[in-house]
Amino acid sequence: FIFLSSVFLFVLFSVLHWSFLYYRRSLPQCIKRAIQNNAMEVYFQPIVSLDENRTHELEALIRWHSPYHGQVSPLSIIEVSERLGLIDELTWMVIRKVGMLFRQNAELLKDIRISVNVDRHSLIHEDFAPTLAKVTDEWPELKGRLGLEVTETTALNSIELPLMVSRFEHIKALDIRLSVDDFGTGYAGLDFLRRFPYDTLKLDQIFIASLKEDQFTRQVLTSVTKLAKELNMEVVAEGVEREDQLEAVRELGVERVQGYYFCRPLPTDQVLEWLMAEQARKSRL
Ligand code: C2E
Ligand code: MG
Ligand code: MG
Ligand code: MG
């Protein structure tokens, strides 16, 4: 009997031990620890202004390499964080890192803006604008230079339109810029551009890939770009990978470009080097 019960206890403990380890190594648990231990990284991708021939903005993009899961895609990070209720923490972490970057590199970044993606969950939180006010008090260098990227779908489908418009106006009142991200992937009509106080419109990369062959897309994007400019918005083309795509984008009248053709998202030290090299080149001219 003693033998049998010790075998039973041994098996029980092993099962508990392994399921505990398994649980600790599961993706959600790893993401949770990484957020709590501040182990996630933020990369920055240059957005180049063709008319000024320089980087005028960076987009902050979350990056995380897990010892058990390898490189985890930002979309999984966002989705899991949302489920675990940790997404707000992540959003404010990224925004504070941007504040820190501005503070530590004031001279180098004096003409550079940085934009941060904001998911639906964080944005509709009723404390979003008040927290943003607190964070910009803490990091005044963010004013006039931080931009938030909100997808068209988030803007349209999250809360009632008037509520979203007032949320956006709150944000603008703090001197924070607003971009509509992935434009063209949702169902926004052109009236959408008039209703929301956006500063920048980012054409989704899905259109850029097919621009050369697709005359219809070209016509639509030419009109959208024209309208956006009439509404005093900047237009950015995302996902430009090749020279012919750059030419096609130029023909639309778009002057701001983001994509592998110029530069991939880079870790902080490398993006600072990129900017230093660019500014050194400029001052030699
Ligand atoms: P997004 O905001 O539309 O970001 C642009 C995505 O396009 C990035 O993917 C970027 O790496 C990628 N990209 C840039 N240039 C090129 C190119 O030339 N070719 C191709 N194929 N891709 C290019 P990434 O970093 O994987 O992020 C995916 C999405 O995850 C983002 O799309 C954004 O919606 C979300 N995301 C990333 N970081 C954050 C974050 O900190 N917070 C939130 N809420 N969402 C984030
Ligand atoms: Mg974005
Ligand atoms: Mg985008
Ligand atoms: Mg996207």
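Just above sits the structure.
Position labels on residues start from 1 in each chain and follow its written sequence. Chains carry letters and ligands carry numbers; both start at the beginning, A for chains and 1 for ligands, and go up in the order they are written. With pLDDT at 70 or above as the cut-off, local features in this predicted model cover only qualifying residues; side-chain atom pairs require 80 or more to be listed or tallied, and sums for whole chains, interfaces and linings still use all residues. To obtain the side-chain values, all non-hydrogen atoms of the structure were used and water was disregarded.

**Quick notes on the overall build of the protein chain**
The helix and strand inventory of the protein chain stands at 13 helices and ten strands. When the backbone C-alpha atoms are referred to their principal axes, the protein chain occupies close to 85 × 50 × 45 Å. In the protein chain, which comprises 285 residues, the share counted as buried stands at 46%. Note on contacts: a residue pair qualifies if any of its non-hydrogen atoms lie within 4.5 Å across the two residues. Look at the contacts in the protein chain between residues 6 or more apart in sequence, and 68% of them connect residues 24 or more apart. Where accessible areas are quoted, they stem from the Shrake-Rupley method and a 1.4 Å probe; at the residue level, only the protein chains shown are allowed to cover. Of the accessible surface of the protein chain, which amounts to about 15,300 Å², a share of 56% is contributed by carbon and sulfur atoms. Separation between the mean location of the 33 positive side-chain charges and that of the 41 negative ones in the protein chain comes to 3 Å. Numbered from the N terminus, helices here are DSSP runs of H or I no shorter than four residues, and strands are runs of E no shorter than two. Exposed residues in this analysis have more than 50% of their type's maximum accessible area, buried residues have under 20%, and partly exposed residues fall in between, with area computed by a 1.4 Å probe over protein chains only. His is not counted, nor are the chain ends, whereas Lys and Arg count as positive and Asp and Glu as negative. A single reference atom marks each charge: NZ on Lys, CZ on Arg, CG on Asp, CD on Glu.

**Here we look at empty space enclosed by the protein**
Grid spacing is 1 Å over the protein atoms alone, the probe is 1.4 Å, and a cavity is where that probe fits but cannot get out, while a pocket is an open set with protein on both sides within 12 Å along at least five of seven lines and lining residues have an atom within 4 Å of a point. Grid points are joined across faces, edges and corners, and a volume is the space filled by probe spheres set on the points. Using the criterion set out here, one finds one cavity of 30 Å³ or more in the structure. Considering only enclosed or pocket space, the largest cavity measures out at about 40 Å³ in volume. What lines the largest cavity is E57, R113, I114, S115, R145, L146, G147, R177, S179 and T200. Elements that contribute at least two residues to the lining of the largest cavity include exactly β4 (113-117), β5 (146-151) and β6 (177-183). Counting residues per element, the lining of the largest cavity draws most heavily on β4, which supplies three residues. Here the residues of the lining of the largest cavity sort into two nonpolar, four polar and four charged. Residue type decides the class: Asp, Glu, Lys and Arg count as charged, Ala, Val, Leu, Ile, Met, Phe, Trp, Tyr, Cys and Pro as nonpolar, and the leftover types, Gly among them, as polar.

**Quick word on the site of ligand 1**
Lining the immediate surroundings of ligand 1 are 22 residues, of which R63, N117, D181, E241 and Y260 lie closest. Within 3.5 Å is the distance limit for a polar contact, defined as a pair of N or O atoms, with the added protein rule that one can donate a hydrogen and the other accept it, and that residues adjacent in sequence qualify only through two side-chain atoms. I62 is positioned such that a nitrogen or oxygen atom in its backbone is 3.1 Å from a nitrogen atom of ligand 1. Within the side chain of Q205, an N or O atom sits 3.1 Å from an oxygen atom of ligand 1. Here ligand 1 has 810 Å² of accessible area as a free molecule, and 84% of this is covered by the chains. Of the pockets mapped on this structure, ligand 1 occupies the largest pocket. Within the residue set of the shell around ligand 1, elements represented by two or more residues are β2 (54-66), α3 (74-84) and β6. In terms of residue count, β2 provides more of the shell around ligand 1 than any other element does, four residues in total. Of the residues that constitute the shell around ligand 1, the class distribution is nine nonpolar, five polar and eight charged. Here a residue counts as near a molecule or strand whenever at least one of its heavy atoms sits within 4 Å of it. Put plainly, a molecule is in a cavity or pocket when over half of its atoms are within 2 Å of the grid points there.

**As for the coordination of the magnesium ion (ligand 3)**
Protein coordination at the magnesium ion (ligand 3): the donors are D181 (OD), D182 (OD), E238 (OE) and E238 (OE), at 2.1 to 2.4 Å from the metal. The rule for donors is simple: an N, O or S atom within 2.8 Å of the metal counts, and for Na, K and Ca the reach is 3.2 Å. Water is not among the atoms, so a site may look short of donors. We note that the donor set of the magnesium ion (ligand 3) lies within a single chain, spaced as D-D-x55-E.

**Some thoughts on the coordination of the magnesium ion (ligand 2)**
Taken together, the protein ligands of the magnesium ion (ligand 2) are E59 (OE), N117 (OD1), E149 (OE) and D181 (OD), with distances of 2.0 to 2.2 Å. Spacing between the donor residues of the magnesium ion (ligand 2) along the chain follows E-x57-N-x31-E-x31-D.

**Overview of the packing of aromatic side chains**
Two measures describe an aromatic ring pair: the distance that separates the ring centres and the angle between the ring planes. Note on aromatic contacts: the rings of Phe and Tyr and the six-membered ring of Trp form a pair at centre separations within 6.5 Å, being stacked when their planes are under 30 degrees apart, edge-to-face when over 60 apart, and tilted otherwise. Scanning the entire structure with this criterion turns up eight aromatic pairs. A ring is scored as having a charge over it whenever the NZ atom of a lysine or the CZ atom of an arginine sits within 6 Å of its centre and within 35 degrees of its normal. For R145, the ring lying beneath its charged end belongs to F102, and the centroid distance is 4.1 Å. Between the NZ or CZ atom of R264 and the centre of the ring of Y260, over which it lies, the distance is 3.8 Å.

**Concerning a nonpolar patch on the surface**
Residues form patches when they are more than 30% accessible in relative terms and have no salt bridge. Like charges link within 9 Å. Nonpolar side chains (Val, Leu, Ile, Met, Phe, Trp, Tyr) link within 5 Å. Between Lys or Arg on one side and Asp or Glu on the other, a salt bridge is scored when a side-chain nitrogen of the former is within 4 Å of a carboxyl oxygen of the latter. A grouping of F3, L4, V7, F10, V11 and V15 is seen on the molecular surface, where their side chains present a nonpolar patch of about 650 Å² in accessible area. Mapped onto the elements of the fold, V15 is located in helix α1 (residues 2-25).

**A few points about the pattern of salt bridges**
For the coordinates displayed, the defined rule picks out 19 salt bridges. In this structure, K202 engages E59 in a salt bridge whose closest nitrogen and oxygen atoms are separated by 3.2 Å. Here K202 is found in strand β7 (residues 200-203), whereas its partner E59 is found in strand β2, with 143 residues between them in sequence. According to the relative accessible area criterion, E59 is buried, its value standing at 4%. In this structure, K202 and E238 form a salt bridge, with 3.7 Å as the shortest nitrogen-oxygen distance. With K202 in strand β7 and E238 in the loop between β8 (234-237) and α12 (243-252), the pair connects residues that are 36 residues apart, well separated along the chain.

**Section: the environment of L156**
Inspection of the secondary structure puts L156 in helix α7 (residues 152-157). Residue L156 is classed as partly exposed on the basis of its relative accessible area, which comes to 28%. Between the C-alpha atoms of L156 and A188, which are 32 residues apart in sequence, the distance is 7.6 Å.

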